[in-house]
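Each chain is listed here by its residues.
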Number of protein chains: 2
Amino acid sequence: MRQAGRYMPEYRALRERHGILDIIGAPELAAEVTLQPIRAFGFDAAIIFADILPPLVGMGLDLAFSDGEGPRISNRIMSPRDVDRLGTPPAEETMPHTLAAIRIVARELEASGTPLIGFAGAPFTLACYAVEGGTSKSFAKAKALMFGEPAAWKRLMTKLVTVQADYLAAQARAGAQALQVFDSWAGIALSLTDYRRFALPYTTMLLERLKDVGVPVINFSMGTSCYIDEVARAGGDVIGVDWRRPLDEAWKAIGYERAIQGNLDPAVLLAPWRELRYQIDDVLDRAGGRPGHIFNLGHGVLPETPVDNVRRLVDFVHERTLIPR
Amino acid sequence: MRQAGRYMPEYRALRERHGILDIIGAPELAAEVTLQPIRAFGFDAAIIFADILPPLVGMGLDLAFSDGEGPRISNRIMSPRDVDRLGTPPAEETMPHTLAAIRIVARELEASGTPLIGFAGAPFTLACYAVEGGTSKSFAKAKALMFGEPAAWKRLMTKLVTVQADYLAAQARAGAQALQVFDSWAGIALSLTDYRRFALPYTTMLLERLKDVGVPVINFSMGTSCYIDEVARAGGDVIGVDWRRPLDEAWKAIGYERAIQGNLDPAVLLAPWRELRYQIDDVLDRAGGRPGHIFNLGHGVLPETPVDNVRRLVDFVHERTLIPR
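Residues numbered from 1 in each chain as written. Chains lettered and ligands numbered in written order. Predicted model: local features only at pLDDT ≥ 70, side-chain atom pairs only at ≥ 80, totals over all residues. Heavy atoms only, no water.

Enquirer: Got a sec to walk through the sheet that holds strand β1 (residues 46–47) of chain B? Specific residues and values, please.
Expert: Each strand in a sheet pairs with its neighbour through backbone hydrogen bonds, running either in the same direction (parallel) or in the opposite one (antiparallel). Residue and element names in this part refer to chain B. Pairing within the open sheet is parallel, and its seven strands lie in the order β1-β4-β5-β6-β7-β8-β9. Both outer strands of the open sheet, β1 and β9 (293–297), are each paired with one neighbouring strand and no more. Sheet topology note: the strand β7 (residues 238–241)/strand β8 (residues 259–264) ladder contains three bridges and is parallel. Looking across to β8, one finds that Val238 is bridged to Ala259. Each of β4 (116–121) and β5 (178–183) touches helix α10 (residues 150–174); the most contacted strand, β4, lies at about 170° to it. (Pairing = 2+ DSSP bridges. Helix = DSSP H or I, 4+ residues; strand = E, 2+ residues; numbered from the N terminus. Contact = heavy atoms within 4.5 Å. Axes fitted to C-alpha atoms, helices over the stretch in contact; angles between N-to-C directions.)

Next comes the structure, spelled out in structure tokens:
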């Protein structure tokens, strides 16, 4: 999950001078922000500071971030013709800044042995942003295209698979030692039937194409815990789960032969230590010491999070799982 | 589910002259808006035009709606002391406008035999609004209070149960022939464990208090389909389900001896007839003609919905279920 962010004073200081897309676009800055939480907390892995949306820019969409309002795409997909206008240029051309940041961080982390994770958005989540032009509560525009123009939807999703498979493979070549596919919206937006028709086939296709990249792939999605067994069948060496379903139930549904990542509610980091410790213990107890559990939050760190709670969480998980520091 | 709204030209015309709280506050207007969709589409039941938040005003919170931004509470709950400041006055004093609107609509509908549904928010959802001061994506403030001040959380939820039980009972006395409890956020926000600790006990308490009101109660919640059996154990004559889990699976989990309401994705009303019909058929096929299925959307009608699709849906469901008009 995203580790750097507004809860860290070092990050806030940098953000006073630079916009989020400026940081992502400047490899030295993105590398610095990636390393801030590693230095501060000693996480077992770093995740490259980036965003899921910039690959859409390479496809021909205009992206801007305004503080408080989130992302805005001024020329969103409104018709099948707009889908046909989208390009699928290689990531080496369109995402050189993030690939360069990965090279810098991988080099910096080499001595310590801390691995670096690359990531990209799942096709459904990116399609939602491309069609809605920003975040949405109802996904009305995306679903109208999906239901109304299924052939165009298929072309859009297939283009996104092409772009994302190439981008993730390029991240591995640049030095990312694991890759995470992020599906923020499919489980929140879709009925199970429509998930199977309009989202899952494309995540499956994407994960299929990543089988030969030579690094483990984490398949993470929000709001899908009810049918996490199906999500798992789409592929991925590790299944990332949000906090909605207890870890043991989710893992049982996935199958213990597969690794699992999760699943503390990020908001528990706003709680007093008594409650935070109770919930960390609960996740670890449910993992039961089985090999293949990666302790993690079920989503990114919230901006309101006290820095001390993150430090205490990392130290406590290290202690309980007996990983030597 | 809310039937009136921006997708209807009659409603838009009224909203040009009146704010949403003005309509809710004027019994004649609220009654008129409640009846608009009944006249236009011939639904089998009406639902009173109201909102889940006004009961918070009676408790001492300031509520305003701004177009596009949603609700805002200027004096949100920030501490246990703020919880203690909340009052629990009776609905006859604080919600006379909605109770009066119910009396008008019940009288208007008497001749046709169309029943009227009253509704209110579930304690968790109202607590989220009261603490966040509006809508939220992370529910960080509400969860911080819930985890950090569990005793204050319990007092807040207990007060909400008192107010909502009284409000719903008053709606039944005013002429509502069924009552719906609406939980928009618990299933979206909480882990199953925290749902059991911080939300479910209070919904159970509320439904318990409604057992003697003499009208059926619909227990509706969003994002809970994965553990809908637990939701059902909290009570309610009818369990309302969103669109995320297929109706037959949800009903099986609930138990066929209980009635079920749902579960078409409201966004399917934006689709061409071919797709819309396919999905209506799917819901009805999964209901399998069993007694106790109330065909409905899984949430309110979206503003983008074409009026003709609503009409066609109602006519088609009536035809397929052989209800004489």
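Enquirer: Could you give an account of the environment of Val268 of chain A, with specific residues and numbers?
Expert: With respect to the helices and strands, the residue Val268 of chain A is situated in the loop between β8 (259–264) and α16 (273–287). Judged by its relative accessible area of 0%, Val268 of chain A falls in the buried class. Not counting residues within four places of it along the chain, the set of residues in contact with Val268 of chain A comprises Glu275, Leu276 and Gln279 of chain A together with Phe147 of chain B. (Buried < 20%, exposed > 50% of the residue type's maximum accessible area, 1.4 Å probe, protein only.)

Enquirer: Lay out the pattern of salt bridges with the relevant residues and their values.
Expert: Under the criterion given, the structure shown has 40 salt bridges over all chains. Here Asp281 of chain A and Arg277 of chain A are joined by a salt bridge, their closest N and O atoms 3.4 Å apart. Taken together, the residues Asp281 of chain A and Arg277 of chain A, both in helix α16 and four residues apart, mark about one turn of the helix. Exposure remark for Asp281 of chain A: the relative accessible area of 16% places this residue in the buried category. Looking at Arg277 of chain A, the relative accessible area reads 39%, which means it is partly exposed. Close ionic contact of Asp285 of chain B with Arg320 of chain B constitutes a salt bridge, the shortest N to O distance being 3.0 Å. On the criterion of sequence distance, the pair formed by Asp285 of chain B in helix α16 (residues 273–287) and Arg320 of chain B in helix α17 (residues 307–320) is long-range, its members being 35 residues apart. On the basis of relative accessible area, Arg320 of chain B is assigned to the partly exposed category, the value being 35%. One continuous salt-bridge network, built from bridges that share partners, spans Arg277, Asp281, Asp285 and Arg320 of chain A. (Salt bridge = Lys/Arg side-chain N within 4 Å of Asp/Glu carboxyl O.)

Enquirer: So what's going on with the relation of the copies chain A and chain B? Which residues, and what values?
Expert: The operation relating chain A to chain B is a screw motion whose rotation component is 180°, with 0.0 Å of axial translation and a residual RMSD of 0.0 Å. Overall, the copies show the geometry of a two-fold rotation axis. Among all residues of chain A, the one whose C-alpha sits closest to the rotation axis is Cys226 of chain A, at a distance of 2.5 Å. Here 100% of the contact residues of chain A are again contact residues in chain B; the copies associate through an equivalent surface. (Least-squares fit on C-alpha atoms with pLDDT ≥ 70 in both.)

Enquirer: Describe the interface of chain A and chain B, with residues and values.
Expert: Tallying the contact residues gives 35 residues for chain A and 35 residues for chain B. Between chain A and chain B the total buried area reaches about 2800 Å² when both faces are included, carbon and sulfur atoms providing 54% of it. The three residues of chain A that bury the most area against chain B are Phe147, Cys226 and Arg244 of chain A, which together make up 19% of that side's buried surface. Note that Glu275 of chain B and Arg197 of chain A form a salt bridge whose closest N and O atoms lie 2.8 Å from each other. Across the chain A-chain B interface, the total number found is 12 residue pairs in polar contact (both at pLDDT 80 or more). Where the side of chain A that touches chain B is concerned, the elements lending two or more residues are α9 (140–148), α11 (186–189), α12 (192–198) and α16 of chain A. Examining the composition of the side of chain A that touches chain B, we find that six residues originate from one element, α16 of chain A, more than from any other. Residue composition of the side of chain A that touches chain B, grouped by class: 17 nonpolar, six polar and 12 charged. (Buried area = accessible area lost by both parts, 1.4 Å probe. Polar contact = N/O pair within 3.5 Å; in protein donor to acceptor, adjacent residues only side chain to side chain. Nonpolar A, V, L, I, M, F, W, Y, C, P; charged D, E, K, R; others polar.)

Enquirer: Could you give an account of the pairing of β4 of chain B, naming the residues involved and the relevant values?
Expert: Residue and element names in this part refer to chain B. The buried count for β4 comes to six of six residues, which makes it a mostly enclosed element. Side chains Leu116, Gly118 and Ala120 project from β4 onto one buried face, and the interleaved Ile117, Phe119 and Gly121 project onto a second face that is buried too. Strand direction decides the pairing type here: β1 and β4, joined by two bridges, are parallel. Within β4, the position partnered with Ala46 by the bridge is Leu116.

Enquirer: Mind laying out the pairing of β7 of chain B, listing which residues take part and the relevant values?
Expert: Residues and elements named next belong to chain B. Taking every second residue as pointing to the same face, both faces of β7 are buried, with Val238 and Gly240 on one and Ile239 and Val241 on the other. Each parallel crossover has a hand, and for strand β6 (residues 217–221) linked through helix α14 (residues 228–233) to β7 it is right-handed. Where the polypeptide runs from β7 across helix α15 (residues 247–254) and back to β8, its parallel neighbour, the crossover connection is right-handed. (Right-handed = clockwise from strand over helix to strand, strands pointing away.)

Enquirer: Would you mind going over α16 of chain B in detail, with residue names and values included?
Expert: With 15 residues, α16 of chain B extends 21 Å between its outermost C-alpha atoms, agreeing within 8% with the 21 Å of an ideal straight helix rising 1.5 Å per residue. Along α16 of chain B, the positions that sit buried rather than exposed are Glu275, Leu276, Gln279, Ile280, Asp281, Val283, Leu284 and Ala287 of chain B. Elements in contact with the buried residues of α16 of chain B: α9 and α12 of chain A together with α15, β8, β9 and α17 of chain B. Where α16 of chain B ends, the next residue or the one after it, Gly288 of chain B, has phi of about 65°, a positive value. (Expected span 1.5 Å × (residues − 1).)

Enquirer: An account of α17 of chain B is requested, with residue identities and associated values reported.
Expert: Residues and elements named next belong to chain B. In this model, α17 (14 residues) spans 20 Å end to end at C-alpha, consistent with the 20 Å of a helix rising 1.5 Å per residue. The set of residues buried in α17 consists of Asn309, Val310, Leu313, Val314, Phe316, Val317 and His318. Check the buried side of α17 and you find it contacts α3 (27–41), β8, α16 and β9. Immediately downstream of α17, the backbone of Leu322 shows phi near 55°, a positive value.

Enquirer: Hey, could you go over the packing of helix α10 (residues 150–174) of chain A against helix α13 (residues 200–209) of chain A for me, with residue numbers and the actual values?
Expert: All names here are of chain A. Direction vectors running N to C along α10 and α13 enclose 25°, while the axes themselves pass 9 Å from each other. One element, α10, and the other, α13, form an angle in the roughly parallel class. Our pair here, α10 against α13, has a crossing hand that is right-handed. The segment α10 lies against α13, with Trp153, Lys154, Met157, Thr158, Val161, Thr162, Gln164, Ala165 and Leu168 engaging Tyr202, Met205, Leu206 and Arg209. Residue composition of the contact of α10 with α13, grouped by class: eight nonpolar, three polar and two charged. (Parallel < 35°, antiparallel > 145°, perpendicular 65-115°, else oblique. Left-handed = near helix turned anticlockwise from the far one by under 90°.)

Enquirer: Can you lay out the sheet that holds β8 of chain A for me, pointing to particular residues and giving the numbers?
Expert: Taken in spatial order, the seven strands make up an open sheet running β1-β4-β5-β6-β7-β8-β9 (chain A), and their pairing is parallel. The sheet is open, and its two borders are formed by β1 (46–47) and β9 (293–297) of chain A, each paired with just one other strand.

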